[in-house]
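An overview of the molecular structure
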Amino acid sequence: MIMKKYISRTILLSFLAGILTITACVKGDFDEPPIYIPHVDFESNTSIETLKTMFSGSLTNITDDIIIKGKVVANDESGNLYKKIVIQDETAGIEVLLNATNLYNEYKLGQEVYIKCKGMYLGSYMGLIQLGYDYNNGIGQLPEVMFNEHLFRDSLPGSVPEPVQITPSDDDKNVKYLSMLVYVDNAHFAEGGTAVWVPGVASTSHTLVSSGKELIVRTSNYANFALDTIPAGYGKVVGILSIYNTDSYITGKDFQLTLRDANDLQNFSGEIPPSADFVY
């Protein structure tokens, strides 16, 4: 009997010791994974403005070792842009067409990006110069398998360039701000407070008015704010300046503003102006 008690006690102590050993091996706190900070070990050699001057008027293959850099000022996070990002430097901005979705996960606002342009193409879609790839002899999206050859992020996302104030219909001046972050102040929408951005299944245009001048605001039906009511009253509208026409990007201009998300609608009073305010 004494021997059995001794054996049972020994087994119990061994069992408890095993539990303590296992517990001691499990850390209460897990190490956080290291933060990956991308780094570029080369320099840009061409401004975005200079790159755009290389567009010949038709699909243009970039054969020189052109490297540009810029900060991301718009991406596809809200759904109002699709398979593209917009970058700008101190001289100009440009849309970069990329055949992938959820680009915002890597190309966040304020992310500095270097692009090795050799092998890519410049093209024009309805007058707007874009950077991408050849698709049936027109400008298309760079295939995802080629991203690592051309796109390089540098450091973590930083601040986004401040938008430039523009005046609608000031076409000669506004051309230089195409594909850049801009804003219109003291502006109101003709349908403010009475309509949603996209009432149906197709992208929709709405008229923004400032100082008696009009500017089109184009909204995709895939935007996460498509069913929001257009704000009433006067406020500030931020977005990417674009153009849509069937002529060259110099003549026959039809300027448009693309919102990045609902936060680009700022400080609206919420009051519907008298109907007389909409007569110009």
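First, a word on what this report is: a plain description of the structure on this page. (Residues numbered from 1 in each chain as written. Predicted model: local features only at pLDDT ≥ 70, side-chain atom pairs only at ≥ 80, totals over all residues. Heavy atoms only, no water.)

Observations concerning the overall build of the protein
Regarding its fold elements, the protein presents four helices and 16 strands. Put simply, the protein has 280 residues, and 43% of those count as buried. The contacts of the protein with a sequence gap of at least 6 include a subset with a gap of at least 24, amounting to 67%. Summing over all exposed atoms, the protein offers an accessible surface of approximately 15,700 Å²; the carbon and sulfur share of this is 52%. (Helix = DSSP H or I, 4+ residues; strand = E, 2+ residues; numbered from the N terminus. Buried < 20%, exposed > 50% of the residue type's maximum accessible area, 1.4 Å probe, protein only. Contact = heavy atoms within 4.5 Å. Areas by Shrake-Rupley, 256 points an atom, 1.4 Å probe, with all protein chains shown as cover.)

A few points about the packing of aromatic side chains
Evaluated as defined, the whole model comprises seven aromatic pairs. Centre to centre, the rings of Phe42 and Phe152 are 5.3 Å apart; their planes meet at 90°, and the pair counts as edge-to-face. Of this pair, Phe42 sits in the loop between α1 (2–25) and α2 (48–53) while Phe152 sits in strand β9 (residues 151–154), placing them 110 residues apart in sequence. Judged by its relative accessible area of 18%, Phe42 is buried. Its relative accessible area of 23% is what places Phe152 among the partly exposed residues. Considering the side-chain rings of Phe189 and Phe268, the 6.1 Å spacing of their centres and the 25° angle between planes classify their relative orientation as stacked. With Phe189 in strand β11 (residues 181–189) and Phe268 in the segment after β16 (265–266), the pair connects residues that are 79 residues apart, well separated along the chain. There is no split in this pair, since Phe189 and Phe268 are both buried. (Phe/Tyr/Trp six-rings, centres within 6.5 Å; stacked < 30°, edge-to-face > 60°.)

Some remarks on unusual backbone geometry
The phi dihedral of Asn137 falls on the positive side, at around 65°, and the residue is not glycine. Along the chain, Asn137 turns up in the loop between β7 (128–135) and β8 (138–140). What makes Asn137 exposed here is its relative accessible area of 68%. A positive phi angle, near 50°, is found at Asn186, a position not held by glycine. Tracing the chain through its elements places Asn186 in strand β11.

Examining the environment of Ser124
Relative to the helices and strands, Ser124 resides in strand β6 (residues 121–125). Take Ser124: its relative accessible area is 35%, and that puts it in the partly exposed class. For the pair Ser124 and Gly57, spaced 67 residues apart in sequence, the C-alpha separation works out to 7.6 Å. Aside from chain neighbours lying at most four places away, what touches Ser124 is Phe55, Ile129 and Ile139. Within the local environment of Ser124, its side chain forms a polar contact with the backbone nitrogen of Gly127, the two atoms lying 3.2 Å apart. (Polar contact = N/O pair within 3.5 Å; in protein donor to acceptor, adjacent residues only side chain to side chain.)

Digging into the environment of Met126
Structurally, Met126 is set in the loop between β6 and β7. Given a relative accessible area of 28%, Met126 falls into the partly exposed group. Here the alpha-carbon distance between Met126 and Tyr244, two residues 118 residues apart in the chain, equals 5.1 Å.

Digging into the nonpolar core
Ranked by size, the top nonpolar core spans 28 residues in total, and within it Phe189, Trp197 and Val237 carry the most contacts. Broken down by secondary-structure element, the contributors of at least two residues to this core are β11, β13 (213–219), β14 (235–243) and β15 (255–258). At four residues, the largest contribution of residues to this core is made by β11. Counting 27 residues, the second largest nonpolar core, distinct from the first, contains Ile68, Ile85, Leu142 and Leu151. (Core = buried A, V, L, I, M, F, W, Y, C linked by side-chain atoms within 4.5 Å.)

Some points on the side chain of His188
Positionally, His188 belongs in strand β11. Judged by relative accessible area, His188 falls into the buried class, the value being 2%. Looking at His188, its side chain comes within polar contact range of the side chain of Tyr234, at 3.5 Å.

Remarks on the pattern of salt bridges
Within this structure, the stated rule accounts for four salt bridges. The residue Glu95 makes a salt bridge to Lys84 at a minimum N-O spacing of 3.1 Å. Residue Glu95 is found in strand β4 (residues 93–97), and its partner Lys84 is found in strand β3 (residues 84–88); the two are separated by eleven residues along the sequence. Accessibility assignment for this pair places Glu95 and Lys84 in one class, buried. The salt bridge partner of Arg260 is Asp264, with a shortest N-O separation of 2.8 Å. Side by side, Arg260 and Asp264 carry an identical accessibility label, which is buried. (Salt bridge = Lys/Arg side-chain N within 4 Å of Asp/Glu carboxyl O.)

Let's talk about the pairing of β13
Here seven bridges tie strand β12 (residues 204–210) to β13, and the two strands are oriented antiparallel to one another. When the bridges of β13 are listed, Ser205 appears paired with Arg218. Between the end of β12 and the start of β13, which pair antiparallel, lie two residues, with Ser211 showing a positive phi angle near 55°. Taken together, the two bridges between β13 and β15 define a ladder with parallel strand orientation. For Val217, the partnering residue across the bridge sits in β15 and is Leu257. (Pairing = 2+ DSSP bridges.)

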